[in-house]
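# Reading the structure
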Amino acid sequence: QVQLVESGGGLVQAGGSLRLSCAASGTIFSINTMGWYRQAPGKQRELVADISSGAKTNYADSVKGRFTISRDNTKNTVYLQMNSLKPEDTAVYYCNRGRYDRGTYYPMDDWGKGTLVTVSS
């Protein structure tokens, strides 16, 4: 059974930075496509960034240039470095194992419990 555990969330002022981590177990992590989603209060969950097994990355327009997704296969961990944070980045951030279909990321059923990021103005 795949387990994903997120960490690194917290309260930060606008313009600040945070790094989220997601530790995976129960899977051959190095071959997995991974993604970070977020869900703000009253909004749908949205894909923020994804990374292929070959470390090719994609980003939502709203975070492009500010967030960086990366992975360390020796630690079975995927990261999300978030810089220049804005109040609208406030959300619960979730790690996900997914797949690509014709270049589009699709989430599979493996989700972490999430980590809360709050950005104050």
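Placed above this text is the structure.
Since the structure is predicted, the reported quantities are computational estimates derived from the model, not experimental observations. (Residues numbered from 1 in each chain as written. Predicted model: local features only at pLDDT ≥ 70, side-chain atom pairs only at ≥ 80, totals over all residues. Heavy atoms only, no water.)

### Some points on the state of the cysteines
As a reminder, the rule being used: Any cysteine sulfur atom paired with another within 2.5 Å is treated as part of a disulfide. A run of H or I in DSSP becomes a helix once it reaches four residues, and a run of E becomes a strand once it reaches two; helices and strands are each numbered from the N terminus. Using a 1.4 Å probe on the protein chains alone, a residue whose accessible area is under 20% of its type maximum counts as buried, one over 50% counts as exposed, and one in between counts as partly exposed.
Evaluation of the coordinates by the stated rule reveals one disulfide. Between Cys22 and Cys95 runs a disulfide, and the two sulfur atoms are separated by 2.1 Å. The chirality of the disulfide connecting Cys22 with Cys95 is left-handed, given an S-S dihedral of about -80 degrees. You can see Cys22 sitting in strand 3 (residues 18-25) and its partner Cys95 sitting in strand 9 (residues 91-101), a full 73 residues away along the chain. For Cys22, a relative accessible area of 0% puts it in the buried group. Note on Cys95: relative accessible area 0%, which makes it buried.

### Quick word on the pairing of strand 8 (residues 77-82)
Side-chain direction in a regular strand flips from residue to residue, so the side chains alternate between the two faces of the sheet. Convention followed: Paired strands, as defined in this entry, are two strands with at least two bridges between them according to DSSP.
Here strand 8 lies mainly inside the structure; five of its six residues are buried. By the bridge criterion, six bridges tie strand 3 to strand 8 in an arrangement that is antiparallel. Of the residues in strand 8, the one forming a bridge with Ala23 is Thr77. In terms of strand pairing, strand 7 (residues 67-72) meets strand 8 through six bridges, oriented antiparallel. Of the residues in strand 8, the one forming a bridge with Ser70 is Tyr79.

That's the geometry; what it means functionally is another story.
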